[in-house]
Amino acid sequence: MKAKITVLPGDGIGVEVTREAVACLETIAGRFGHEFHYEERLIGGIAVDQTGSPLPAETLATCLASDAVLLGAVGGPQYDSLPPKLKPETGLLGLRAGLGVYANLRPAFLHDSLIDASPLKADIVRGTDLLIVRELAGGAYFGQPREITEERGLNTMAYTAPEVERVARVAFEIARGRRKKLSSIDKANVLESSQLWRKVVTRLAAEYPDVTLEHGYVDSCAMALVTRPTSFDVIVTENLFGDILSDEASVLTGSLGMLPSASLGGEVELYEPVHGSAPDIAGKGIANPLGAIASVAMLLRHTCQLENEANLLEEAIRRTLEAGYGTPDLKSQPRQLSTTELGAHIRSLLTQ
Ligand code: IPM
Ligand code: MN
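None of the values given here were measured: they were computed from a predicted structure.

Q: Teacher, can you tell me more about the pattern of salt bridges here?
A: Pairing between side chains of opposite charge can happen when their charged atoms approach one another. Tallied over the full model, the rule gives 21 salt bridges. A salt bridge links Arg-96 to Glu-272; its shortest N-O distance comes to 3.4 Å. Taken together, the residues Arg-96 in helix H4 (residues 88–99) and Glu-272 in the loop between strand S12 (269–271) and helix H10 (290–302) connect sequence positions 176 residues apart. Each member of the pair, Arg-96 together with Glu-272, is buried. A salt bridge links Arg-176 to Asp-210, with the shortest nitrogen-to-oxygen separation between them at 2.9 Å. Here the residue Arg-176 occupies a position in helix H6 (residues 161–176), and Asp-210 occupies one in the loop between helix H7 (192–205) and strand S9 (212–217), the gap between them amounting to 34 residues. Assessed through its relative accessible area of 31%, Asp-210 is described here as partly exposed.

Q: Is there a simple way to explain the packing of aromatic side chains in this structure?
A: Two numbers describe a pair of aromatic rings. These are the distance of the centres and the angle of the planes. Considering all chains together, one arrives at two aromatic pairs under this definition. Taking the centre distance of 5.4 Å and the plane angle of 70° together, the rings of Tyr-159 and Trp-197 count as edge-to-face. Of the two residues, Tyr-159 is situated in the loop between strand S7 (153–154) and H6 and Trp-197 in helix H7; the sequence distance between them amounts to 38 residues. Across the pair, exposure class does not vary: Tyr-159 and Trp-197 are buried alike. Ring centres 4.7 Å apart and planes at 5° place the aromatic pair Phe-172 and Tyr-208 in the stacked group. Within this pair, whereas Phe-172 is found in helix H6, its partner Tyr-208 is found in the loop between H7 and S9, the two being separated by 36 residues in sequence.

Q: Teacher, can you tell me more about the side chain of Thr-59 here?
A: Residue placement: Thr-59 occurs in helix H3 (residues 57–64). When near neighbours in sequence (up to four residues on either side) are disregarded, Thr-59 contacts Leu-8, Arg-41 and Leu-42.

Q: Teacher, can you tell me more about the site of ligand 1 here?
A: Around ligand 1, the surrounding shell consists of Glu-89, Leu-92, Arg-96, Arg-106, Arg-134, Tyr-141 and Asp-243. A distance of 2.7 Å separates an oxygen atom of ligand 1 from a polar side-chain atom of Arg-96. With respect to ligand 1, the side chain of Asp-243 contributes an N or O atom lying 2.9 Å from an oxygen atom. Considering ligand 1 on its own, with 320 Å² of exposed area, one finds that the protein chains cover 79% of that surface. A per-element tally of the shell around ligand 1 places H4 first, with three residues. Taken domain by domain, the makeup of the shell around ligand 1 includes at least three residues from each of domain 1 (1–101 + 256–352) and domain 2 (119–252).

Definitions and cut-offs
- Residues numbered from 1 in each chain as written.
- Chains lettered and ligands numbered in written order.
- Predicted model: local features only at pLDDT ≥ 70, side-chain atom pairs only at ≥ 80, totals over all residues.
- Heavy atoms only, no water.
- Salt bridge = Lys/Arg side-chain N within 4 Å of Asp/Glu carboxyl O.
- Helix = DSSP H or I, 4+ residues; strand = E, 2+ residues; numbered from the N terminus.
- Buried < 20%, exposed > 50% of the residue type's maximum accessible area, 1.4 Å probe, protein only.
- Phe/Tyr/Trp six-rings, centres within 6.5 Å; stacked < 30°, edge-to-face > 60°.
- Contact = heavy atoms within 4.5 Å.
- Near = heavy atom within 4 Å.
- Polar contact = N/O pair within 3.5 Å; in protein donor to acceptor, adjacent residues only side chain to side chain.
- Areas by Shrake-Rupley, 256 points an atom, 1.4 Å probe, with all protein chains shown as cover.
- Domains from an automatic or database assignment.

This is how it looks when you write it as structure tokens:
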């Protein structure tokens with residue numbers, strides 16, 4: 001198959017990890033006779049430095065003309081004092097909005113070989129395999145009005161019924177293909193936007209009688225993620241709650257550096273590792289490329305519908321971890337490699 005992919009390395013370790021991910025994609029393309037065409041564009045802090053905008057119009061146009069977007073990370077301490085419009089994060093939010101993606105899939109899967117890398121006790125965390133569907137286009141991230149003055153900062157958490165329904169539908173469908181359990185997480189004891197959320201999800205459940213639906217509050221869910229992570233299958237939640245819970249869930253699996261994400265539902269799908277730009281280790285060659293590489297596996301599966309190739313890549317990750325390889329964030333791995341060495345090892349397994 002042929003596909004046009006826009007690559008947005010962004011800031012910090014985004015550059016190093018997307019390089020390895022694209023190289024893996026190329027190895028797969030070579031082996032199976034696919035043709036992927038790449039266009040690299042600017043986003044985030046580096047885009048501010050070079051063009052004065054965190055999301056140059058040309059970047060968004062290129063993304064919209066492609067089949068998928070692969071993003072590294074945005075942000076860094078040198079940009080913290082910029083006004084909101086120029087912040088690297090504003091570029092990423094603009095990209096999500098511009099592509100129209102509203103369902104952000106964040107799987108948190110614990111490889112058996114990494115049980116000792118998890119901050120939780122082995123008995124509690126063994127078997128963790130959950131997927132967070134984070135609403136990505138609404139909530140406090142995008143609600144109006146919003147403003148900041150010297151005296152007041154204002155954000156609005158708002159949802160409409162169609163916004164809730166479309167993301168809940170994605171979550172029900174995914175749950176149907178997994179262990180058929182959906183946890184809808186809100187704060188309906190306090191927030192009106194959550195009361196609507198709960199009502200809409202409950203109504204939609206009638207169309208999915210094969211899926212067991214439970215509702216939970218976000219504070220209690222945060223606790224349950226560390227006390228009984230294996231009780232979750234699919235979690236669906238609003239934007240800000242999903243941002244917070246997905247960092248928590250990801251680290252249960254050994255390292256934030258390992259987890260991929262896919263943002264679906266819009267004109268063009270967006271793939272990015274869940275980790276950020278990690279400025280403290282940027283440029284040192286020690287960043288974990290597995291989150292970006294696993295994001296490419298999601299790209300192969302969701303955008304290209306190449307399930308076999310996606311499985312092959314995920315299998316290569318599994319075997320690499322099982323053989324004890326890892327980057328320094330995975331302290332329990334006895335065979336420590338650099339970013340490029342780990343990428344090269346994965347690729348060597350892809351051609352076997
Ligand atoms: C994430 C990040 C972003 C978010 C930031 C960088 C805007 O934390 O993808 O989780 O808050 O969504
Ligand atoms: Mn986040």
